[in-house]
Amino acid sequence: MHLVDNVLLNIVLMTLIKFAGFVLAFVMGIATVLTWAERKYSAVLQNRIGPNRANLGTIRAGGLLHMLADPIKMLTKEDFAPNTPNPILFRLAPLLAFVPALLVFAVIPFGPGDNFQVSNTSLGILFIFAIASLNVYGSVIGAWASNNKWSLMGGLRISAQMISYEVAIGLSLCGIFMIYGSLDLQDIARRQGQLLLGFIPAWGIVLQPFAFVLYLACAIAENKRAPFDVAEAESELTAGYWTEYSAMGFAMFALAEFIEVVLIGCVGTTLFLGGWTIPGLHGDAWWIVVLEIGGFAFKTVFLIWLQMTIRWTLPRFRYDQIMRLGWRILLPAALLNLVVTGIVLTFVERA
Amino acid sequence: MAKVVNRMHPDFATQSYVIEAFKGVALVTRQFARNIFAKKDVVTVQYPEDRRPYTPRFRGKHRLMLRDDKSVRCVACMLCATACPANCITIVAQQIDDPAIEKAPSSFDIDLLKCIYCGFCEEACPCDAIRLDSGVHTIPSFTRRDQKAGVINLLSLGTASIAAQGGEHRAHSHEGTAHGRSSGH
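Here the residue numbers are simple positions, counted from 1 along each chain's written sequence. Here every chain gets a letter starting at A, and every ligand a number starting at 1, in the order they are written. At least 70 in pLDDT is required for a residue's local features to be given in this predicted model, at least 80 for side-chain atom pairs to be given and counted, and no such filter applies to totals for whole chains, interfaces and linings, which use all residues. Hydrogen atoms and water are omitted, and side-chain values are computed over all heavy atoms in the structure.

Novice: An account of the interface of chain B and chain A is needed here, citing residue identities and associated values.
Specialist: Contacts were defined at the residue level, with two residues in contact if any of their heavy atoms lie within 4.5 Å. The partner chain A presents 18 residues to the 20 residues of chain B that form the contact. Approximately 1,600 Å² of surface area, both sides summed, lies buried where chain B meets chain A, with 68% of it carried by carbon and sulfur atoms. Looking only at chain B, the three residues that lose the most surface to chain A are B:Y17, B:V28 and B:F32, adding up to 31% of its buried area. A pairing counts as a salt bridge when a side-chain nitrogen of Lys or Arg comes within 4 Å of a carboxyl oxygen of Asp or Glu. Our enumeration of links across chain B and chain A arrives at 1 salt bridge. Among the ionic pairs, A:R53 bridges to B:E49, the shortest N-O distance being 3.1 Å. We call two N or O atoms a polar contact when they sit within 3.5 Å, provided that within protein one can donate a hydrogen and the other can accept it, with sequence-adjacent residues counted only if both atoms are side-chain atoms. Applying the counting rule to chain B against chain A returns 8 residue pairs in polar contact (both at pLDDT 80 or more). Residue type decides the class: Asp, Glu, Lys and Arg count as charged, Ala, Val, Leu, Ile, Met, Phe, Trp, Tyr, Cys and Pro as nonpolar, and the leftover types, Gly among them, as polar. In terms of residue class, the side of chain B that touches chain A is made up of 12 nonpolar, 6 polar and 2 charged. Note on definitions: buried area is the accessible-area loss of two parts on being combined, 1.4 Å probe, summed for both.

Rendered as structure tokens:
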């Protein structure tokens, strides 16, 4: 694909188009729908009705218009700032949380080949770890700059939680790298398209089921959503690190959280559910590519659904329970998984 | 008496939390599907459109009952004002021509901001004149004056009571027996 002759301009244009198509349309689209879907979904499974009041005249569309009403409200409300010695940091924090969450999608392959990946870098998953953990700075700085003891407590809890679970999530994914022998997400996805014994897809969840559970637990914990929401902890800390944020500042934090939900879905799809590959379907025909992209979107939505259901099913953990789970259960379990994977791989390669 | 508390000792599978988590997910999903496709367990009342009916014993805004000839049943005996623990009833009595009744209120004011809706006034009333069973939830207002329900206001909710009342002509009190909740002779 060459849009114009100038090579540099071509790269920039292609990157922009891919970014717009994937990040702005797909990711932001799902994140926006999630603001409505999460409230509605939780309502239905708790025998409630959920948001249905936003309307255009008589059109209510089952509360779908809340997606439209919320931004209008967020943009027009008073953007309150507390009496803080760090007003600049206070304004900067939502951006620090929001931008890394979007940046990470640059390396996610959502279709076959370079045309369906914003930036193909061999760093792959390392880039995701590096950028996604920057996210915590936004929350911690926001908590610190709020000049509020609840916020500060929330910030402390996030940083502790992030450090604990960052270790476990990294180790839980190491098994995947060992099996597929690459950090490049496009490579990993393509290798999951193969079949084992002729009929089982070589997906990460088949080869590393234990790692998938660990990944899901750690990822939800890093996103600080229930059952790991001690950083927000409505019953203890008002609203934790975003207590003092209103209007768009609050919206940025909330949207960053939803984008991370999508991110967990995308990374989980790429590493464990075969990425964009569909078992038994190979080729370059346009309809296969469309199917593969659709398959990626479907798997991502499935993982988002799983996260949402877990969030509304499980009771929250206490703070000390989270720390114990992270360091004394998940971390050893990830190490054990790594050792077993290594031993099995050695025998498989010998055989 | 000492009470034995049976502590739960979950087995390892339960304590590992993973299986239980997925069981929970299955349960929640079943309920979700049930609410979408099958019988809806939704209990939400869409408030401004649908209202939950009050119980028959609900004590709402006061009303003054009427005689058959549409005059107020109240004889200004002041029992309700005396019984009222909140001192919210102000009655000004006047003489009327009927020698059997003698008195009627010229004004009957209830300060709804003071009223605690205890129902003592309707218990005290010998004439079944004041009742709290209108079923009207007291309406909020922007001024305090609007909360002073005058006699006209209370009468507008009134209906004829069939309870017999002293001073009434025999012809008007049909069976002559007491009906309803509180009635005196």
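Novice: Outline a nonpolar patch on the surface, listing residues and values.
Specialist: All names here are of chain A. Residues L89, L92, L95, V99, L103, W144, L152, M153 and L156 make up a contiguous nonpolar surface patch of about 790 Å² in total accessible area. To qualify as a helix, a DSSP run of H or I must reach at least 4 residues; to qualify as a strand, a run of E must reach at least 2; elements of each kind are numbered from the N terminus. For the nonpolar patch, the secondary-structure elements that each account for two or more residues are α3 (87–103) and α6 (149–180). Among the elements that make up the nonpolar patch, the one with the highest residue count is α3 (5 residues). Within the fold, L89 resides in helix α3. The class for L89 is partly exposed, based on a relative accessible area of 30%. Patch membership requires over 30% relative accessible area and the absence of a salt bridge. Like charges are linked within 9 Å, and nonpolar side chains (Val, Leu, Ile, Met, Phe, Trp, Tyr) within 5 Å. Accessible areas in this description were obtained via Shrake-Rupley with a 1.4 Å probe; residue shielding takes into account the shown protein chains only. Buried residues are those whose accessible area, probed at 1.4 Å on protein chains only, stays under 20% of the maximum for their type, while exposed residues exceed 50% and partly exposed ones sit between those limits.

Novice: Tell me about the nonpolar core, residues and numbers included.
Specialist: Where a protein is soluble and globular, its nonpolar side chains tend to be buried together. Nonpolar cores are built from buried Ala, Val, Leu, Ile, Met, Phe, Trp, Tyr and Cys residues. Side-chain atoms within 4.5 Å join them into one set. Judged by nonpolar contacts, the single largest core of 96 residues is most densely connected at A:F22, A:F105, A:I108, A:I125, A:I259 and A:L271. For A:F105, the contacting residues outside a window of four places in its chain are A:F22, A:V23, A:V27, A:V118, A:I259, A:V262, A:L263 and A:C266. With 21 residues, the next largest nonpolar core counts B:C84, B:C115, B:C125 and B:L132 among its residues.

Novice: Give a description of the confidence of the model for chain B that names residues and reports values.
Specialist: Residues and elements named next belong to chain B. The predictor's confidence in any single residue is recorded as pLDDT, a number from 0 to 100. The predicted model of chain B averages 76 in pLDDT, with 80% of residues at 70 or higher. Confidence, read as mean pLDDT per element, is least for helix α5 (residues 151–156) in chain B (59) and greatest for helix α3 (residues 79–83) (91). Low pLDDT, under 50, characterises residues 167–185; the stretch is placed with 28 contacts to residues that sit more than four places away or in other chains. For this predicted complex, the interface score ipTM comes out at 0.74, alongside a pTM of 0.77.

Novice: So, unusual backbone geometry: which residues are in play, and what are the values?
Specialist: Phi is positive for A:N147, close to 55°, though the residue is something other than glycine. With respect to the helices and strands, A:N147 occurs in the loop between α5 (135–145) and α6. The phi dihedral of B:Y117 is positive, around 55°, even though this residue is not glycine. With respect to the helices and strands, the residue B:Y117 is situated in the loop between β3 (103–111) and α4 (120–124). Accessibility expressed as a relative area gives 18% for B:Y117, which makes it buried.

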